[in-house]
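Residue-level structure breakdown
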Amino acid sequence: MTTPDADELRRRTQDLLAAHPPAATDRTDFLKARFDAGLAWVHYPAGLGGLDAPRSLQPVVDAALAAAGAPDNDPRRIGIGLGMAAPTILGYGTDEQKRRFLRPLWVGEEVWCQLFSEPGAGSDLAALGTRAVRDGEDWVVDGQKVWTSSAHLARWAILIARTDPDQPKHRGISYFICDMTDPGVEVRPLRQITGEAEFNEVFLTGVRIPDSRRLGPVGEGWKVARTTLMNERVSIGGARIPREGGMIGPVARTWRARPELRTHDLHQRLLTLWVEAEVARLTGTRLRQQLVAGQPGPEGSGMKLAFARLNQEISGLEVELLGQEGLLYSDWTMRRPELVDFTGRDAGYRYLRSKGNSIEGGTSEVLLNIVAERVLGLPVEPRNDKDVAWKDLAR
């Protein structure tokens with residue numbers, strides 16, 4: 001089979017639209033047909049939503065479908081599945097796992113969450129203590145996870161657990177797919193500073209996971225998890241947005257519409273942040289182009305760092321620009337939302353929610369270490385636990 005070029009992808013897209021007119025086709029049926037036609041993520045293998053085409057040609061398909069009014073798969077709602085679970089399953093899953101999970105994941109029939117962080121293992125994730133003990137063909141899992149986005153919506157979770165406490169902390173970890181509807185899985189909301197509870201804590205008590213839902217070899221879960229984390233940081237910091245997309249957009253629109261709010265100092269700060277936001281956007285474009293040639297690397301950590309800092313500085317500027325209006329907060333209702341909507345809410349929400357950007361997806365402190373060591377080649381920070389069994393670590 002020859003690799004499709006842009007013209008071939010346009011032809012296939014038009015064939016899809018002719019066979020399944022968006023105006024007359026059920027949304028889910030259209031998305032399934034798109035996946036089966038290999039137009040979901042064109043760089044994935046044939047039969048798994050792709051055509052083994054270059055990743056750079058995905059915009060050709062997306063533009064043609066958008067122009068025809070075709071539905072998308074609501075990527076903000078299923079971002080964890082698309083950006084984290086899918087590339088990990090593709091990289092480490094069995095053929096059966098790929099066939100079972102990728103189609104309903106991409107279509108949005110099954111929402112995913114990530115069971116990684118724990119109360120005692122956030123920045124130092126490899127110190128996690130959730131245990132998975134082998135029992136015949138199953139693993140029995142006990143422990144607690146925290147800061148779990150979308151756990152209240154998810155059918156499936158990507159989970160790392162300790163399977164050998166006699167190994168040092170980065171070894172003896174295995175990676176699993178957990179059914180969130182199984183007995184022993186309890187999800188509790190965590191109310192945030194915004195008033196909402198998009199995050200959760202998850203308690204796992206005697207949860208049985210078949211060995212057939214393990215990703216990668218036993219004891220090599222940290223290697224698998226690094227693939228997930230690298231993809232997560234790219235999906236957070238390197239998202240495709242237009243000029244003045246993201247947090248800078250509402251501030252720029254307010255500046256143009258409300259001249260009475262302007263001051264010289266605010267003008268200088270806005271210009272600086274506008275330029276930095278545009279540089280970050282273009283850097284994200286370059287990063288996505290680099291992905292065409294391989295897997296995401298530590299550069300995604302740099303993008304995630306920039307994303308967090310800019311969001312916090314821009315939202316702070318917006319609150320100052322609005323003066324007394326910026327102190328207002330429209331709605332403190334306790335909700336468990338399906339997605340985070342930075343630009344569709346008011347300035348107060350953006351200011352409060354952006355505080356979490358430097359924690360979620362890897363703290364800024366951890367990402368600075370990654371950039372220092374893996375991008376700049378600076379000396380690795382000294383560690384005294386490298387060869388110590390996890391069970392012997394001080395806790």
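Residues numbered from 1 in each chain as written. Predicted model: local features only at pLDDT ≥ 70, side-chain atom pairs only at ≥ 80, totals over all residues. Heavy atoms only, no water.

**Description of a nonpolar patch on the surface**
Together, Val375, Leu376 and Leu378 make up an exposed nonpolar region whose accessible area comes to about 280 Å². Mapped onto the elements, Leu378 comes out in the segment after helix H11 (364-375). Assessed through its relative accessible area of 43%, Leu378 is described here as partly exposed. (Patch = residues over 30% accessible without salt bridge, like charges linked within 9 Å, V, L, I, M, F, W, Y side chains within 5 Å. Areas by Shrake-Rupley, 256 points an atom, 1.4 Å probe, with all protein chains shown as cover. Salt bridge = Lys/Arg side-chain N within 4 Å of Asp/Glu carboxyl O. Helix = DSSP H or I, 4+ residues; strand = E, 2+ residues; numbered from the N terminus. Buried < 20%, exposed > 50% of the residue type's maximum accessible area, 1.4 Å probe, protein only.)

**Details of the domain arrangement of the chain**
Under the domain assignment, the chain is made up of domain 1 (1-72), domain 2 (112-219) and domain 3 (239-376). Distance from the C-alpha centre of domain 1 to the C-alpha centre of domain 3: 31 Å. (Domains from an automatic or database assignment.)

**A closer look at the UniProt feature "domain: Acyl-CoA dehydrogenase/oxidase N-terminal" (unreviewed entry) in the chain**
Residues annotated by UniProt as "domain: Acyl-CoA dehydrogenase/oxidase N-terminal" (unreviewed entry) correspond here to residues 28-109. Split by type, residues 28-109 is 56% helix and 0% strand. Its first and last C-alpha atoms lie 8 Å apart. (UniProt positions renumbered as here; feature names shortened; annotations may be inferred.)

**Re the pattern of salt bridges**
Note that side chains of opposite charge can pair when their charged atoms are close. Under the counting rule described, the total for this entry stands at 38 salt bridges. With its nearest N and O atoms 3.6 Å apart, the salt bridge here joins Arg77 to Asp74. Note on Asp74: relative accessible area 26%, which makes it partly exposed. A cluster of three or more residues bridged by salt bridges with shared partners is formed by Glu8, Arg11, Arg12 and Asp15.

**Let's talk about helix H4 (residues 79-92)**
With 14 residues, H4 extends 19 Å from end C-alpha to end C-alpha; this agrees with the ideal 20 Å at 1.5 Å per step. Of all the bends found along H4, the most pronounced is centred on Ala85 and spans about 40°, while Pro87, a proline, follows it within four residues. The element H4 is extensively covered by neighbouring structure, given that 10 of its 14 residues are classed as buried. Taken together, the buried positions of H4 are occupied by Ile80, Gly81, Leu82, Gly83, Met84, Ala85, Ala86, Pro87, Thr88 and Ile89. (Expected span 1.5 Å × (residues − 1). Bend = angle between axes of the 7 residues up to and from the residue.)

**Observations concerning the packing of helix H2 (residues 27-36) against helix H5 (residues 95-107)**
Look at H2 against H5: their axes get within 9 Å of each other, and the N-to-C directions meet at 135°. Considered as vectors, H2 and H5 are oriented oblique to each other. Handedness of the H2/H5 crossing: right-handed. Between H2 and H5, the contacting residues are Thr28, Leu31, Lys32, Arg34, Phe35 and Asp36 on the first element and Leu102, Arg103, Trp106 and Val107 on the second. Among the residues forming the contact of H2 with H5, the class breakdown is five nonpolar, one polar and four charged. (Axes fitted to C-alpha atoms, helices over the stretch in contact; angles between N-to-C directions. Parallel < 35°, antiparallel > 145°, perpendicular 65-115°, else oblique. Left-handed = near helix turned anticlockwise from the far one by under 90°. Contact = heavy atoms within 4.5 Å. Nonpolar A, V, L, I, M, F, W, Y, C, P; charged D, E, K, R; others polar.)

**A few points about the pairing of strand S5 (residues 173-179)**
Burial runs high along S5: seven of the seven residues are buried. Here seven bridges tie strand S4 (residues 156-162) to S5, and the two strands are oriented antiparallel to one another. When the sheet's bridge partners are listed, Trp156 is paired in S5 with Asp179. One ladder, built from two bridges, connects S5 with strand S8 (residues 214-215); its direction is antiparallel. Within the sheet, the bridge partner assigned to Phe176 lies in S8 and is Arg214. (Pairing = 2+ DSSP bridges.)

**Quick notes on the environment of Gly323**
Within the element layout of this structure, Gly323 appears in the loop between helix H9 (299-322) and helix H10 (347-353). Residue Gly323 is classed as partly exposed on the basis of its relative accessible area, which comes to 35%. Remark: the alpha-carbon pair of Gly323 and Leu261, spanning 62 residues in sequence, is separated by 8.0 Å.

**Things to note about the layout of surface pockets**
Here the second largest pocket defines a volume of roughly 170 Å³. If you trace the second largest pocket, you find 13 residues lining it, with Gly120, Ala127, Trp390, Ala394 and Arg395 closest to the centre. The residue makeup of the lining of the second largest pocket, split by class, is seven nonpolar, two polar and four charged. (1 Å grid on protein atoms, 1.4 Å probe; cavity = no way out; pocket = protein on both sides within 12 Å on 5 of 7 lines; lining within 4 Å. Points joined across faces, edges and corners; volume = space filled by probe spheres on them.)

**Description of the packing of aromatic side chains**
Any pair of aromatic rings gets described here by the distance separating the centres and the angle formed by the planes. Under the counting rule described, the total for this entry stands at nine aromatic pairs. When the centroid spacing of 6.4 Å and the interplanar angle of 45° are considered together, the rings of Phe35 and Trp106 count as tilted. You can see Phe35 sitting in helix H2 and its partner Trp106 sitting in helix H5, a full 71 residues away along the chain. Given the relative accessible area of 4%, Phe35 is considered buried. Ring geometry for Phe116 versus Tyr175: centroids 5.9 Å apart, planes at 85°, classification edge-to-face. With Phe116 in the loop between strand S1 (112-115) and strand S2 (131-135) and Tyr175 in strand S5, this residue pair connects regions lying 59 residues apart in the sequence. Classification of Tyr175 by relative accessible area gives buried; the value is 0%. Each member of the aromatic cluster is reached from another via a ring pair, and the members are Phe101, Trp112 and Trp156. One Lys or Arg, Arg188, reaches over the ring of Phe203 and ends 4.0 Å from the middle of that ring. It is Arg345 that lies over the ring of Tyr349; its NZ or CZ is 4.0 Å from the centre. (Phe/Tyr/Trp six-rings, centres within 6.5 Å; stacked < 30°, edge-to-face > 60°. Lys NZ or Arg CZ within 6 Å of the ring centre and 35° of its normal.)

**Some remarks on the packing of helix H1 (residues 6-19) against helix H3 (residues 58-67)**
Remark: H1 packs on H3, axes separated minimally by 9 Å, with the N-to-C direction vectors making an angle of 35°. For the element pair H1 and H3, the recorded crossing hand is right-handed. Residues Ala6, Leu9, Arg10, Thr13, Gln14, Leu16 and Leu17 of H1 pack against Val60, Val61, Ala64 and Leu65 of H3. Residues that form the contact of H1 with H3 fall into these classes: eight nonpolar, two polar and one charged.

**Brief notes about the pairing of S1**
Judged by which residues are buried, S1 turns out to be covered on both faces: Trp112 and Gln114 on one side and Cys113 and Leu115 on the other are all buried. Here S1 runs beside S4; their pairing, made up of four bridges, is parallel. Considered in S4, the bridge of Cys113 is made with Ala157.

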